Amino acid sequence: PETRTLGYGDVVDLGDWVFKVIHTPRHSIGEIMLWKKATGILFSGDMIYDGELIEDDVPAYIDFMKRIYDLSVRVVHGGHFPSFDGNRYRELIRKYLDEKDQ
């Protein structure tokens, strides 16, 4: 059962694994990403993955992509498709923003 609601910037401490919670503006109200800053690991869920993205709220998605671009990401484990590195992460965001002329 749920013990508390996670908010943007909250920390999930699992001992050796400490994640920052990043709330994402997607098709599920409670959707989040988990970022392990110490190692650059990002569990991105449905926010960013190496495949065709499904956008529900394009303006919010554009804003969010701009905000997460500079995260020190080394590897991304998305909710779909294979994992990818930080260079591909920034490449995917830049490509998305360029396509939206942002």
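Above this text sits the structure in question.
Residues numbered from 1 in each chain as written. Predicted model: local features only at pLDDT ≥ 70, side-chain atom pairs only at ≥ 80, totals over all residues. Heavy atoms only, no water.

J.: Looking at this structure, how should I read the layout of surface pockets?
T.: Think of a ball as big as a water molecule: rolled over the atoms, this probe shows where empty space is left. Looking at the largest pocket, its volume works out to about 200 Å³. Contributing to the lining of the largest pocket are Tyr49, Asp50, Gly51, Leu53, Glu55, Arg88, Leu92, Lys95, Tyr96, Glu99 and Lys100. Looking at side-chain class alone, the lining of the largest pocket contains 4 nonpolar, 1 polar and 6 charged residues. (1 Å grid on protein atoms, 1.4 Å probe; cavity = no way out; pocket = protein on both sides within 12 Å on 5 of 7 lines; lining within 4 Å. Points joined across faces, edges and corners; volume = space filled by probe spheres on them. Nonpolar A, V, L, I, M, F, W, Y, C, P; charged D, E, K, R; others polar.)

J.: Would you take a moment to explain the sheet that holds strand β2 (residues 18-23) for this structure?
T.: The pairing of strands in a sheet comes from backbone hydrogen bonds and takes either a parallel or an antiparallel form. In spatial order, the strands read β1-β2-β3-β4-β5-β6; together these 6 strands make up an open sheet with mixed pairing. With one partner strand each, in any of the chains shown, β1 (11-13) and β6 (84-85) form the two edges of the open sheet. Judged from the 2 bridges that link them, strand β5 (residues 75-78) and β6 form a sheet pairing that is antiparallel. The partner of Val76 across the bridge, within β6, is Phe84. (Pairing = 2+ DSSP bridges. Helix = DSSP H or I, 4+ residues; strand = E, 2+ residues; numbered from the N terminus.)

J.: Looking at this structure, I do not really get the side chain of Thr24. What am I missing?
T.: Here Thr24 lies in the loop between β2 and β3 (32-36). We classify Thr24 as buried; its relative accessible area is 1%. Not counting residues within four places of it along the chain, the set of residues in contact with Thr24 comprises Glu31, Ile32, Met33, Met47 and Phe64. (Buried < 20%, exposed > 50% of the residue type's maximum accessible area, 1.4 Å probe, protein only. Contact = heavy atoms within 4.5 Å.)

By themselves, these figures tell us nothing about what the structure is for.
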